[in-house]
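# Architecture and fold: a report
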Amino acid sequence: MASLLNPTDLLKSFQARAEFMLNADRHMQAVVEMLTDTHDVLKKLAGVVDRLDATIKEVEKRVGGVGQVIGRMDRLEEAALNIERATMKVEGALTALPRAVRTRITKAIPGSKSDEES
């Protein structure tokens, strides 16, 4: 409470407020300059966003939407897994065959190793 009644602090506060009010035109000019700079930055940013948007639309027009690309990737992944499963089943079926039959099959396939070599 004592600081509120201190005449020196009251005088300093009044002097600061009076100085601010007397120089309000300079402060307003600074605010207007900041707003102008902000406007210029936002205008440039809007141009960049417009160019990016145009690029994305062009890519979507050529390739298709992102949803289509993701769908294609999912189908390719599923196909790869199906091929891997089928290959494992064929390998499993080959191991179930007698060794003599496996040897004949592997000799007939170029670049494969027979059971005797491995």
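Residues numbered from 1 in each chain as written. Predicted model: local features only at pLDDT ≥ 70, side-chain atom pairs only at ≥ 80, totals over all residues. Heavy atoms only, no water.

### A word on the overall build of the protein chain
Operational definition: Per the convention used, a helix needs a DSSP run of H or I reaching at least four residues, while a strand needs a run of E reaching at least two, with both numbered from the N terminus. The globule rule used here is 2.2 Å times the number of residues to the 0.38 power, and the radius of gyration it is set against is calculated over C-alpha atoms. All accessible-area figures derive from a Shrake-Rupley calculation using a 1.4 Å probe, and residue coverage is judged against the displayed protein chains alone. Positive charges are assigned to Lys and Arg, negative charges to Asp and Glu, while His and the chain termini are left out of the count. The atoms used to mark charge sites are NZ of Lys, CZ of Arg, CG of Asp and CD of Glu.
Helix and strand counts for the protein chain stand at four helices and zero strands. Starting at the N terminus and walking to the C terminus, you meet the elements of the protein chain as α-α-α-α. Against the compact-globule benchmark of 13 Å for 118 residues, the protein chain has a radius of gyration of 39 Å, which places it well outside the compact range. Along the longest, intermediate and shortest principal axes, the C-alpha atoms of the protein chain span 110 × 45 × 25 Å. Accessible area of the protein chain: about 10,700 Å², with a carbon and sulfur share of 65%. Measuring between centres, the 18 positive side-chain charges of the protein chain sit 7 Å from its 18 negative side-chain charges.

### A closer look at the pattern of salt bridges
The cut-off we apply is this: Just to be clear on terms, a salt bridge is a Lys or Arg side-chain nitrogen sitting within 4 Å of an Asp or Glu carboxyl oxygen. Buried, partly exposed and exposed residues are distinguished by accessible area as a fraction of the type maximum, computed with a 1.4 Å probe on protein chains only: under 20%, between the cut-offs, and over 50%, respectively.
The tally for this structure, following the rule as stated, stands at four salt bridges. R62 is the salt-bridge partner of E58, the closest N and O atoms lying 3.1 Å from each other. Here R62 and E58 lie together in helix α2 (residues 24-63), a separation of four residues that amounts to about one turn. Using a relative accessible area of 32% as the deciding quantity, one classes E58 as partly exposed. Given a relative accessible area of 69%, R62 falls into the exposed group. Across the pair R85 and E78 runs a salt bridge, and its minimum N-O distance is 3.9 Å. When its relative accessible area of 39% is taken as the criterion, E78 is described as partly exposed. Each of E58, K61 and R62 takes part in salt bridges that share partners, so that together they form one network.

### Regarding the confidence of the model for the protein chain
Filter applied, for reference: pLDDT measures how confident the predictor is about each residue, on a scale from 0 to 100.
Taken over all residues, the pLDDT of the protein chain has a mean of 83, while the share at 70 or more is 91%. Here helix α4 (residues 99-108) stands out as the least confident element of the protein chain, with mean pLDDT 82; α2 is the most confident, with 89.

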